[in-house]
Amino acid sequence: MSRPSSLRSEPAGPGRPPAGPVAPLTQYVLKLVSRCDLACDHCYVYEHPDQSWRRQPRVMAPATVAAVARRIAEHAAAHRLDVVRVVLHGGEPLLAGAARLDATAATLRRVIGPVARLDLRMQSNGVLLTPATCDVLVAHDVKVGISLDGDRAANDRHRRHANGASSHRHVLRALALLRRPAYRTSYAGILCTVDLANDPIRVYEALLAEEPPHVDFLLPHANWDNPPGRPDGLATPYADWLLAVHRRWLADGRPVPIRLLESLLASASGHGSRSEAVGLGPADLVVVETDGTFEQVDSLKSAFDGAAATGLDVFRHSVDDAAAHPAIAVRQTGLAGLCATCRACPVVAHCGGGLYAHRFRSGNGFDNPSAYCPDLLRLVRVVTTAPPAEEPAHPADSLSPDVLDDLATGAGTAASAGQLAAVHLALVRALLVALSERAAGDPVAADGWRLLVRLDDGHPEAVRDVLSHPFVRRWARRCRDGAAELSYLACVAASAAVRARVRIDLPVPVRDGVVSLPTLGALAVGAERGVVRLGTDDGDVRLAGRRVGVGAGRDGDPAREDGPDGWRPVRTARFDGGRLLLEDTDPHRDCYDVPVQPRLTGAAALRWTRQVQRAVRRVDAEAAEYAAGVRTLLRALVPLRPEPTGRFRSAAAGAAFGAVAVTAVPDDATLAVLLVHEVQHLKLAAVLDVCDLFDRDDTRRLSVPWRDDPRPVEGVLHGVYAHLAVADVWRRRPGPAAAGHFRRYRRWTEGAVDDLLGLGVLTGAGERFVRGMRATMDGWS
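Remember, it's a predicted structure, so these values are computed and weren't measured experimentally.

Caption draft 1: Broad picture of the overall build of the protein chain. The secondary structure content of the protein chain amounts to 26 helices and 23 strands. For a compact globule of 781 residues, the expected C-alpha radius of gyration is about 28 Å, and the protein chain comes in at 28 Å, within 12% of that figure. For the C-alpha atoms alone, the extent of the protein chain along its principal axes is close to 85 × 60 × 50 Å. Residues counted as buried form 60% of the 781 residues belonging to the protein chain. Within the protein chain, contacts between residues at least 6 apart in sequence are counted, and of these 71% link residues at least 24 apart. When the accessible surface of the protein chain is split by element, carbon and sulfur atoms take 52% of a total near 29,800 Å². Counting 95 positive and 91 negative side-chain charges, the protein chain places the averaged centre of each group 2 Å from the other.

Caption draft 2: Structural view of the packing of aromatic side chains. Scanning the entire structure with this criterion turns up 9 aromatic pairs. Look at Trp706 and Trp748: their rings are 6.4 Å apart centre to centre, the planes differ by 45°, and that puts the pair in the tilted class. Here Trp706 is found in the loop between strand S22 (701-702) and strand S23 (711-712), whereas its partner Trp748 is found in helix H25 (residues 736-759), with 42 residues between them in sequence. Under the relative-accessibility criterion, Trp748 is labelled buried at 17%.

Caption draft 3: Spotlight on the confidence of the model for the protein chain. On average, residues of the protein chain score 87 in pLDDT, and 92% of them are at 70 or above. Put simply, helix H1 (residues 6-9) is where the protein chain has its lowest mean pLDDT, 27, and helix H3 (residues 97-112) is where it has its highest, 97. Between residues 1-19, whose pLDDT stays under 50, and residues either more than four places distant or in other chains, the model counts 46 contacts. Taken as a whole, residues 387-398 scores under 50 in pLDDT and shows 45 contacts with residues more than four places along the chain or in a different chain.

Caption draft 4: Inspection of the sheet that holds strand S1 (residues 27-31) at higher detail. Here 9 strands make up an open sheet; going across it, the order is S6-S5-S4-S3-S2-S1-S7-S8-S9 and the pairing mixed. The open sheet terminates on both sides in strands that have one partner only, identified here as strand S6 (215-218) and strand S9 (309-313). Each strand of the sheet is rotated relative to its neighbour by a mean of 25°, with strand direction disregarded. For strand S5 (residues 187-193) and S6, the ladder comprises 4 bridges, and the chain directions are parallel. Bridge assignment links Leu191 to a residue of S6, and that residue is Asp216.

Caption draft 5: Representation of the packing of helix H16 (residues 414-439) against helix H22 (residues 624-633). In the contact formed by H16 and H22, the axes pass within 8 Å of each other and the chain directions differ by 30°. In this view, H16 runs roughly parallel relative to H22, as classed from their interaxial angle. Here H16 runs over H22; the crossing is right-handed. Residue-level inspection shows Ala414, Ala417, Gly418 and Ala421 of H16 in contact with H22, the latter providing Ala628, Gly629, Thr632 and Leu633. Looking at side-chain class alone, the contact of H16 with H22 contains 5 nonpolar, 3 polar and no charged residues.

Caption draft 6: Local environment of the sheet that holds strand S19 (residues 636-639). Taken in spatial order, the 5 strands of this open sheet run S17-S18-S19-S21-S20, and their pairing is mixed. Whereas interior strands pair on both sides, the edge strands pair on one side only; in this sheet they are strand S17 (571-575) and strand S20 (650-651). Sheet strands touched by helix H21 (residues 602-622): S17, strand S18 (578-582), S19 and strand S21 (659-662). Its angle to S17, the strand with the most contacts, is close to 25°.

Caption draft 7: View of the nonpolar core. One finds Phe217, Trp475 and Leu693 to be the most contacted residues of the largest nonpolar core, which totals 215 residues. Considering each element in turn, this core owes the most residues, 13 residues, to helix H23 (residues 668-690). When near neighbours in sequence (up to four residues on either side) are disregarded, Trp475 contacts Leu432, Leu435, Ala484, Glu485, Leu486, Tyr488, Leu489, Val492 and His588.

Caption draft 8: Molecular detail of the pairing of S5. When you tally the buried positions in S5, you get 7 out of 7 residues, the bulk of the element. Taken together, the 4 bridges between strand S4 (residues 143-147) and S5 define a ladder with parallel strand orientation. Bridging from a neighbouring strand, Gly145 pairs with Gly189 of S5.

Caption draft 9: Spatial organisation of the layout of surface pockets. Volume-wise, the second largest pocket comes out at about 450 Å³. Every residue lining the second largest pocket is counted, 23 residues in all, and those nearest its centre are Arg511, Asp512, Ser516, Pro587 and His588. Elements that contribute at least two residues to the lining of the second largest pocket include exactly helix H19 (470-480), strand S10 (504-511) and strand S11 (514-517). It is S11 that provides the largest number of residues to the lining of the second largest pocket, a total of 3 residues.

Caption draft 10: A look at the side chain of Asp375. Turning to its location among the elements, Asp375 is positioned in helix H14 (residues 373-384). Residue Asp375 is classed as buried on the basis of its relative accessible area of 3%. Asp375 has contacts with Arg230, Ala235, Thr236, Pro237, Tyr238 and Ala239, leaving out every residue within four places of it along the chain.

Caption draft 11: Local environment of helix H4 (residues 131-139). Of the residues making up H4, those classed as buried are Thr133, Cys134, Val136 and Leu137. The buried residues of H4 all sit within an arc of 155° when viewed along its axis, so they share a single face. Buried residues belonging to H4 abut H3, strand S3 (117-124), S4 and helix H6 (168-179). In the stretch just after H4, Asp141 is the one whose phi turns positive, near 55°.

Caption draft 12: A look at the environment of Arg529. By the element assignment, Arg529 lies in strand S13 (residues 529-537). Spatially, the C-alpha atoms of Arg529 and Pro460 are 31 Å apart, while their sequence positions differ by 69 residues. Once residues within four sequence positions are removed from consideration, Arg529 is found in contact with Glu485, Val510 and Arg511. Separated by 2.9 Å, the side chains of Arg529 and Glu485 make a polar contact.

Caption draft 13: Representation of the pairing of strand S7 (residues 285-288). Neither face of S7 is open: one carries Leu285 and Val287, the other Val286 and Val288, and all of them are buried. Bridge count for S7 against strand S8 (residues 293-295) is 2 bridges, and the pairing is antiparallel. When the bridges of S8 are listed, Val288 appears paired with Phe294. Linking S7 back to S8 in an antiparallel pair, the connection comprises 4 residues, with Gly292 at a positive phi of about 95°.

Thresholds, definitions, all that
Residues numbered from 1 in each chain as written. Predicted model: local features only at pLDDT ≥ 70, side-chain atom pairs only at ≥ 80, totals over all residues. Heavy atoms only, no water. Helix = DSSP H or I, 4+ residues; strand = E, 2+ residues; numbered from the N terminus. Rg over C-alpha atoms; globule rule 2.2 N^0.38 Å. Buried < 20%, exposed > 50% of the residue type's maximum accessible area, 1.4 Å probe, protein only. Contact = heavy atoms within 4.5 Å. Areas by Shrake-Rupley, 256 points an atom, 1.4 Å probe, with all protein chains shown as cover. Lys, Arg positive; Asp, Glu negative; His and termini not counted. Charge placed at Lys NZ, Arg CZ, Asp CG, Glu CD. Phe/Tyr/Trp six-rings, centres within 6.5 Å; stacked < 30°, edge-to-face > 60°. pLDDT = per-residue confidence, 0-100. Pairing = 2+ DSSP bridges. Axes fitted to C-alpha atoms, helices over the stretch in contact; angles between N-to-C directions. Parallel < 35°, antiparallel > 145°, perpendicular 65-115°, else oblique. Left-handed = near helix turned anticlockwise from the far one by under 90°. Nonpolar A, V, L, I, M, F, W, Y, C, P; charged D, E, K, R; others polar. Core = buried A, V, L, I, M, F, W, Y, C linked by side-chain atoms within 4.5 Å. 1 Å grid on protein atoms, 1.4 Å probe; cavity = no way out; pocket = protein on both sides within 12 Å on 5 of 7 lines; lining within 4 Å. Points joined across faces, edges and corners; volume = space filled by probe spheres on them. Arc of directions from axis to C-beta. Polar contact = N/O pair within 3.5 Å; in protein donor to acceptor, adjacent residues only side chain to side chain.

Encoded structure:
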């Protein structure tokens, strides 16, 4: 199809852009490479009408990169822009190689950095990502989004190599790299294209298992000439698919920001959209091809050949020239740039006419509603009319403002803590669903997975008890990353069967001479490694027909010594209305800076459990508000080896949500303070899993009185939130020593809060959260 003549001199929408100064452009997509190593059959660059990629250089030349950088800097200076975003794109930008990426990022930062803050990003399929490339990305602070359409079956429906081979394993390897602590700062999120043939919940769970900072869903490219496929009898199948994700996402406590859904929620609360696909915000973006030509947004290539062309380039034209191009300028006019049908629609403020490329029809160009109009209408109406408690106060929030406000007081209610626990459980379930695909190739794991699914149907409480254990999540994360064995899934299932009092005969792995059953204990067997068959009978454990774990499904007696049968039960500290595991058997508990204690004697375990019981009762009596978090979230206490200096240590790890580790302390008063302190870290880690409280691109550090080294913003937030609670506990205790501790912790916390508020790094939700802590301190006498 030839390009309509109207696009040469007229805007693509219903009218011309207003006369006057051009609106500045703040986003730039650089086509660093024009070729790709995959052959995705839904790609708008290679599989749709526009085939201009064939005429482009394979890689953007260094001289072109330098010219682009100068044009962006020139435009940013002229319009006094604070921030510009540059996205390295393709094709597949990783085909450029680590050295070319390094040089490109260095040029962009050197030229643009002195004029405006550069938000540098990359969108990739991840197949070629290596540690060497990740080193480059971290060195230049490049945030990377990875394309993934779900589990292997879903992803391989479209995202394959040219020879038909699967790309799924390579993409998961890339995501595992980005989750490493050294590279996590470069992990931007996952981009997923909707396919009605894929189950929406399995897709959601597969994405959630990769622990992305953000997720975005894209509708497959379609228009009125090539409309989206709709199964017979379904008026809004794409909305139905997305709403299934939406329901599950809300039920899970919104464990990850989903840009499309949060943009609609933001529009409902009067905030701007964060997505080009919805909302009336300006599309202040231009694309630069590998030869230096300026183009409109590249999704237009799905409409017709030449749809994105402007006739401009970085060598002869400025960014102002590109911004003034009628087809680009009209995209910044909001409601006025839409067709009459859209302008009259009651949900236009939320929908914004949908993605521009989806409006095309031969004969009148883009002066139409979206080809997905019925789906968008239903999606908007359902999402934006959710109960107010489900709506965020800020676009990046993934907890309701009421919950954030409650937690910002320092203590928070049991209901808020319960929501954080629900998010944790949803993450664990998603991890296991992702692992289940690999389990098919491991007979022991496969048997365990089938048993776990059956138990989840018939005995969901027993499964929930085991999956909520802190170290099941840590094992699942390590297993996903290749650092733990998949066959341990059978141990998880066996533990649930014991708790459900279901009779089984299951192969389970032996490691270091032990079969480990999370939440229950460990069974010493003869062999160092291998597989044994484990039986259960009414809460007891059998090995080779011999009963060895009598009462394994019941709480372990703290004083019980390990018997000759090899059974090492987890001891339990019980207190009014609750229980806490004294965890000294789980093989995945060693996740703290201080080494963990080996198996305790019965006498030592009894001393620990009695002290824990007294400490929890002390929290109840002295700081009842904090008892809600301690009782709701704390599931396991891990004894640590004593420090050679005699210093008391405590720790919490986000990967082991629900566990606190401590060294032995002299009394329950000290332990009570440490428990409150570490549960605060657990709460804030869970909040940060689902909420953006600060700009993660900002690498500035703050000096704090409780550390010798300057701390990143996240570390300061953690310190403030924990010390707020510690100060509050000391405030309630009598005596001059307690008063001195209170004054010191209050002084530390108030100073750091003021520094955070003055740094300009907090999001709207983050500022509200920190001001909530400040208000708590201001209310103290």
